[in-house]
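Survey of secondary and tertiary structure
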Amino acid sequence: MQKPSLPKGTRDFSPVQMARRNYIFGVIKETFELFGYQQIETPSMENLSTLTGKYGEEGDQLLFKILNSGDFLKKTTADDFAAGAKAMLSKIAEKGLRYDLTVPFARFVVMNRNDLQFPFKRYQIQPVWRADRPQKGRYREFYQCDADVVGTESLSCEAEIILMIRRVFKRLGLLDYSIKLNNRKILTGIAEVMGAEGMEGPLCVAIDKLDKIGWSKVQEELLQRGFDDGGIQKLQPIIDLKGNIPEKIEFLKEFLKQSEIGLKGLNELEGVIDTLKQMGENLDFVEFDVVLARGLSYYTGAIFEVKVNNVSIGSVSGGGRYDNLTGVFGMDDIPGVGFSFGVDRLYDVLEELDLFPEAALEGTKVLLVHFDKKGYEYGLGLITKFRENGIRAEIYPDSVKIKKQFDYATKKQIPFVAICGDNEIVSKTIALKNLDSGEQSSLTLAEAIDRLN
RNA sequence: GUGAUUGUAGCUCAGCUGGUUAGAGCGCCGGUUUGUGGCACCGGAGGUCGCCGGUUCGAACCCGGUCUUUCACCCCA
């Protein structure tokens, strides 16, 4: 006998967990559809040529590769072995598990370009896999819920993303969170002003840690990454920047006046805010975070990140605008913007805050119990009637002690038990008992159905 | 990938400087109660102490490896 086990970073989901997950999925799905997004799915595995090189060197290392079928060594030579694992990879693995939903989506758009109606709004809810070291809130298999729109530069898309985030969070009962908003071009502009043109990549990586390690450590890291002291000092007012959104914009207009691209980014950000206003919306939960810098290299415009306050889980949603995601697949000039909810993290957050509604767990409404074969057969004649009337009903399948049947109902949180015994058979009724209150009444089938509806 | 950390019954955890048959609470099964669950009382089952190897007269305890958990870094949802 072997002890069963699970691969690192993967999990089973029990019925209770699934009910709760489906509750979250349901809210997200309904919201995406309300905004006109259409669902697609793509395969779990993609060709490695589709995946590699899209997530940076780090990302490539985190890809799960799939060994070729059959004799996977048949294309290799002794030289390949000598050259090491990296060189050999392309000869023994041609496929990999998807790392996110955005790159497969880009591939999908290119392959189906003639059949799609642009602007194309799609959503996708599927698992992704990363060969990361698991930690709290970090798994090797987890779901993403992506919504992207491609084929338009309209800032209304960004505004709608904010509205979708707000709707989902409201539905889930989350009231204390912030939608951090920034624009990659602003970061580019800041790098320019610092005299470090083109270095916004390393700037982002360092600045992103400000919350975690503090300003002085960030300065050290910037020096290490090749920024000069004068430039870093110019960053100081950005770090200290406080105030509401208009105030921050006002400051940056001045700060970025030398940087054309920086001003463009600022302009886009204002555009998103104006669009919200035109839609009759406000800026609740929206925060302009000048030092928000998301890792993924393909973002070129707006960037978002959502963090629930006062919980131990990292960001639960993020996204941004990209100019040319499909370019690598040979289709230029398709701008897009998208974002993703991390269901597994949302789950952890809702659990931590104890926000799952009881109703998310509702299962069977009534259990038919019986004392003997006669009662069981009487119950079999009734069970279908309940179901035909839309009542979730079960009949206990075995002839066991009534206590055990009641126990089953209690454990499974079934609120009603319908007792089928000799008395009921004679009077053509059932004894319907509310397990919560203990109240019991003798009812005809029609009355019972009425009561349960 | 780097550095730590965790693992004892279904669950949460005790278990002395290595020393007979490894414990508790909860849960589970049975009974008090053969037409009524939750509560109470009584009884019972259940562990090759993550796995492999080593040291020792003797290992849950010490050592090595491995897997797993959690954490920091890296990166990210």
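Definitions and cut-offs
Residues numbered from 1 in each chain as written. Chains lettered and ligands numbered in written order. Predicted model: local features only at pLDDT ≥ 70, side-chain atom pairs only at ≥ 80, totals over all residues. Heavy atoms only, no water. UniProt positions renumbered as here; feature names shortened; annotations may be inferred. Near = heavy atom within 4 Å. Polar contact = N/O pair within 3.5 Å; in protein donor to acceptor, adjacent residues only side chain to side chain. Helix = DSSP H or I, 4+ residues; strand = E, 2+ residues; numbered from the N terminus. Nonpolar A, V, L, I, M, F, W, Y, C, P; charged D, E, K, R; others polar. Buried < 20%, exposed > 50% of the residue type's maximum accessible area, 1.4 Å probe, protein only. Pairing = 2+ DSSP bridges. Domains from an automatic or database assignment. Axes fitted to C-alpha atoms, helices over the stretch in contact; angles between N-to-C directions. Contact = heavy atoms within 4.5 Å. Parallel < 35°, antiparallel > 145°, perpendicular 65-115°, else oblique. Left-handed = near helix turned anticlockwise from the far one by under 90°. Phe/Tyr/Trp six-rings, centres within 6.5 Å; stacked < 30°, edge-to-face > 60°. Lys NZ or Arg CZ within 6 Å of the ring centre and 35° of its normal.

- An unreviewed UniProt entry lists chain A under the name Histidine--tRNA ligase, with Algoriphagus sediminis given as the organism.
- For the record of chain A, the UniProt heading Catalytic activity (unreviewed entry) holds the text "tRNA(His) + L-histidine + ATP = L-histidyl-tRNA(His) + AMP + diphosphate + H(+)".

Observations regarding the protein's contact with RNA strand B
- For RNA strand B, the set of nearby residues contains 42 residues, the closest of which are K136, R138, R345, K411 and L435.
- In this structure, a sugar or linking oxygen belonging to RNA strand B sits 2.7 Å away from a side-chain N or O atom of R130.
- The element best represented in the surface near RNA strand B is helix α17 (residues 402-411), accounting for 6 residues.
- Split by residue class, the surface near RNA strand B holds 10 nonpolar, 12 polar and 20 charged.

Focus: the pairing of strand β6 (residues 141-150)
- Within β6, 8 of the 10 residues are buried, leaving the element largely enclosed by the surrounding structure.
- In terms of strand pairing, strand β5 (residues 120-129) meets β6 through 10 bridges, oriented antiparallel. Within β6, the residue paired with P127 across the bridge is Y143.
- Pairing between β6 and strand β11 (residues 336-342): 7 bridges, direction antiparallel. Counted as the bridge partner of D148 is G338 from β11.

Regarding the domain arrangement of chain A
- Each assigned domain of chain A is listed here: domain 1 (15-352) and domain 2 (363-452).
- On a C-alpha basis, the centroid separation for the pair domain 1 and domain 2 is 52 Å.

Considering the sheet that holds β5
- Strand order in this open sheet of 8 strands is β1-β5-β6-β11-β10-β9-β7-β8, and the pairing throughout is mixed. Each edge of the open sheet is held by one strand with a lone partner, namely β1 (38-39) and β8 (286-288).
- Pairing analysis gives 4 bridges linking strand β9 (residues 302-308) to strand β10 (residues 317-322), with the strands arranged antiparallel. By the bridge assignment, I303 is partnered in β10 with G320.

Observations regarding the sheet that holds strand β13 (residues 393-395)
- Spatially, 5 strands are ordered β13-β12-β14-β15-β16 in an open sheet, and the strand pairing comes out mixed. Of all the strands in the sheet, the pair left with one neighbour each is β13 and β16 (440-443). Each strand axis lies, on average, 25 degrees off the axis of its neighbour in the sheet, ignoring direction.
- Sheet topology places strand β12 (residues 366-370) next to strand β14 (residues 416-420); 5 bridges connect them, and they run parallel. Following the sheet pairing, H370 is matched in β14 by C420.
- Here α17 sits on the sheet and contacts β12, β13, β14 and β15 (430-434); the angle it forms with β12, its principal contact strand, is near 175 degrees.
- Packing of helix α19 (residues 445-452) onto the sheet brings it into contact with β12, β14, β15 and β16, and relative to β16 it is tilted by some 135 degrees.

A few points about the packing of helix α9 (residues 200-207) against helix α11 (residues 215-224)
- Contact geometry of α9 with α11 gives a least axis separation of 9 Å together with a crossing angle of 155 degrees. Here α11 runs roughly antiparallel to α9, going by the angle between their axes. The chirality of how α9 crosses α11 is right-handed. Counted together, L203, V205, A206 and I207 of α9 and V218, E221 and L222 of α11 form the full contact between these two elements.
- Class assignment of the residues belonging to the contact of α9 with α11 gives a composition of 6 nonpolar, no polar and 1 charged.

Some thoughts on the packing of aromatic side chains
- Following the criterion strictly, the structure yields 16 aromatic pairs and no others.
- On the basis of an interplanar angle of 10 degrees and a centroid distance of 4.2 Å, the ring pair of Y177 and F285 is categorised as stacked. Taken together, the positions of Y177 in strand β7 (residues 177-183) and F285 in the loop between α14 (260-278) and β8 put the pair 108 residues apart, joining distant regions of the chain.
- Take F285: its relative accessible area is 33%, and that puts it in the partly exposed class.
- Through pairs of rings, three or more aromatic residues link up here, namely F32, Y37, Y123, F169, Y177, F285, F339 and F341.
- The positively charged end of R11 is found above the aromatic ring belonging to Y139, 3.6 Å away from the centroid.
- A cation over a ring is seen here: R122 above F105, with NZ or CZ 4.0 Å from the ring centre.

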